[in-house]
Amino acid sequence: MSRIVVKVGSNVLTRRDGTIDVTRVSSLVDQIAMLRSAGYQVILVTSGAVACGRSILGAEADLDNVEQRQVFSSVGQVLLMDLYHTFFRNYDITIGQVLTMKENFTPGALYDNQKGCMEAMLKSGVLPIVNENDTVSITELMFTDNDELSGLISTMMEAETLVILSNIDGVYDGDPALLESRLIRTISSAQDHSGCICESKSSHGRGGMQSKYHIARTVASSGIRVMIANGKREDILCRIVLEPSQDTPYTEFVK
Ligand code: GLU
């Protein structure tokens, strides 16, 4: 069975004003359900806890950065999982939450434990929904962002494909805001396009295109197919995985 990791960024799940885009969550759930029906084993890595928490509590709270992240994520993770649970239930798909930390990816007992747990979930037909345990993560030991986490999960779980959904179509050969910039369709491990990536950091999450690019290349060099696509586009997941066509914009990283 083909195993696929889908990473959804905060910017895909939130509206411009920072509130959670429930319609988008619902559409992503529809698409993941379709992938499962097509025989894919799916692992979802989702951001959005901090953004959800911020939209509930407001940014006014008198907290420092670390406290904000901790409190926002504690509140937001519940809302996020509630939404996934509600929408996946319509498809009779049982979800399970995996909140993890960097320590769990160093070879040893913690690594084996997390891998074993997720294998068992998949074996039972449970859809693992992964996020960093932001509430108790120690700042210095945090993942750079959930792009890094999705790469580590893909390698740990020996996935065939990793799809990183962001709010941009993929990697461009220049500033994506400029008309002359072109989307790069395929990037092999031998090619280096890092020089042309213009960094505009994501407004609601921690990641950016530089970090996606480097993670995608590293993961692809281990033989996992990686795609970066725009999660705000209609049916993008199904279009790139189930019916790939030249008309669908995305960047694919190959070995
Ligand atoms: N774990 C964070 C959250 O759920 C997101 C980290 C990131 O933006 O990559 O809000």
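Keep in mind that what you see is a predicted model, and the values were worked out from it rather than measured.

Undergrad: Requested: an account of the overall build of the protein chain, with residues and values cited.
TA: Scanning the protein chain for helices and strands turns up eight helices and eight strands. For 255 residues, the compact-globule estimate of 2.2 N^0.38 gives 18 Å, and the protein chain sits close to it at 17 Å. Taking the principal axes of the C-alpha coordinates as reference, the protein chain spans close to 45 × 40 × 40 Å. Of all 255 residues assigned to the protein chain, the portion counted as buried reaches 52%. For the protein chain, contacts bridging at least 24 residues in sequence account for 72% of all contacts bridging at least 6. Counting every atom, the protein chain has about 11600 Å² of accessible surface; 51% of that belongs to carbon and sulfur. Side-chain charges in the protein chain split into 23 positive and 31 negative, and the spacing between the mean points of these groups amounts to 4 Å.

Undergrad: Help me get a handle on the packing of helix 3 (residues 49–57) against helix 4 (residues 65–89), residues and values and all.
TA: Closest axis-to-axis distance for the helix 3/helix 4 pair is 6 Å, and the angle between their directions is 95°. Judged by the inter-axis angle, helix 3 sits roughly perpendicular to helix 4. Of the residues in helix 4, those in contact with Ala 49, Val 50, Cys 52, Gly 53, Arg 54, Ile 56 and Leu 57 of helix 3 are Arg 69, Val 71, Phe 72, Ser 73, Val 75, Gly 76, Gln 77, Leu 79 and Leu 80. Here the residues of the contact of helix 3 with helix 4 sort into ten nonpolar, four polar and two charged.

Undergrad: Hey, could you go over the site of the ligand for me, with residue numbers and the actual values?
TA: The full set close to the ligand counts ten residues, and Val 50, Asn 131, Asp 134, Asn 146 and Arg 206 are the nearest of them. Starting from 300 Å² of accessible surface for the ligand in isolation, the protein chains cover 97%.

Undergrad: Please provide a residue-by-residue account of the packing of aromatic side chains, values included.
TA: Scanning the model with the defined rule gives three aromatic pairs in all. Against the face of Tyr 250 rests Arg 185, its NZ or CZ located 4.2 Å from the ring centre.

Undergrad: How would you explain unusual backbone geometry if you had to name every residue and give the values?
TA: In the Ramachandran plot, Asp 92 falls in the positive-phi region, its phi being about 60° despite a non-glycine side chain. Summarising the element assignment, Asp 92 is placed in the loop between helix 4 and strand 3 (95–100). With a phi angle near 55°, Asp 235 is a residue other than glycine that sits in the positive phi range. With respect to the helices, strands and loops of the structure, Asp 235 is situated in the loop between strand 7 (225–230) and helix 8 (236–241). On the basis of relative accessible area, Asp 235 is assigned to the partly exposed category, the value being 37%.

Undergrad: Lay out the environment of Arg 206 with the relevant residues and their values.
TA: Here Arg 206 lies in the loop between strand 6 (186–188) and helix 7 (209–221). On the basis of relative accessibility, which here comes to 35%, the residue Arg 206 falls in the partly exposed class. Taking the C-alpha atoms as reference points, Arg 206 and Val 241, 35 residues apart in sequence, are found 26 Å from one another.

Undergrad: If you had to explain the nonpolar core to someone new, which residues and values would you point to?
TA: Counting 36 residues, the largest nonpolar core has Tyr 84, Phe 88 and Leu 165 as the members making the most contacts within it. Not counting residues within four places of it along the chain, the set of residues in contact with Leu 165 comprises Val 6, Lys 7, Val 8, Gly 9, Val 12, Leu 28, Ala 229, Gly 231, Ile 236 and Leu 237. In terms of nonpolar packing, the next biggest core, distinct from the first, is built from 32 residues, Ile 43, Val 171, Val 226 and Phe 253 among them.

Undergrad: Tell me about empty space enclosed by the protein, and please be specific about residues and values.
TA: Applying the stated criterion across every chain yields a total of one cavity of 30 Å³ or more. Considering only enclosed or pocket space, the largest cavity measures out at about 40 Å³ in volume. Taken together, the residues of the lining of the largest cavity sort by class into eight nonpolar, two polar and no charged.

Undergrad: Account for the environment of Ile 240, with residues named and values stated.
TA: Secondary-structure assignment places Ile 240 in helix 8. Taking C-alpha positions, Ile 240 is 25 Å from Leu 80, a pair spaced 160 residues apart along the chain. Here Ile 240 is in contact with Val 163, Arg 225, Met 227, Ala 229, Thr 248 and Tyr 250, once residues within four sequence places are set aside.

Definitions and cut-offs
- Residues numbered from 1 in each chain as written.
- Predicted model: local features only at pLDDT ≥ 70, side-chain atom pairs only at ≥ 80, totals over all residues.
- Heavy atoms only, no water.
- Helix = DSSP H or I, 4+ residues; strand = E, 2+ residues; numbered from the N terminus.
- Rg over C-alpha atoms; globule rule 2.2 N^0.38 Å.
- Buried < 20%, exposed > 50% of the residue type's maximum accessible area, 1.4 Å probe, protein only.
- Contact = heavy atoms within 4.5 Å.
- Areas by Shrake-Rupley, 256 points an atom, 1.4 Å probe, with all protein chains shown as cover.
- Lys, Arg positive; Asp, Glu negative; His and termini not counted.
- Charge placed at Lys NZ, Arg CZ, Asp CG, Glu CD.
- Axes fitted to C-alpha atoms, helices over the stretch in contact; angles between N-to-C directions.
- Parallel < 35°, antiparallel > 145°, perpendicular 65-115°, else oblique.
- Nonpolar A, V, L, I, M, F, W, Y, C, P; charged D, E, K, R; others polar.
- Near = heavy atom within 4 Å.
- Phe/Tyr/Trp six-rings, centres within 6.5 Å; stacked < 30°, edge-to-face > 60°.
- Lys NZ or Arg CZ within 6 Å of the ring centre and 35° of its normal.
- Core = buried A, V, L, I, M, F, W, Y, C linked by side-chain atoms within 4.5 Å.
- 1 Å grid on protein atoms, 1.4 Å probe; cavity = no way out; pocket = protein on both sides within 12 Å on 5 of 7 lines; lining within 4 Å.
- Points joined across faces, edges and corners; volume = space filled by probe spheres on them.

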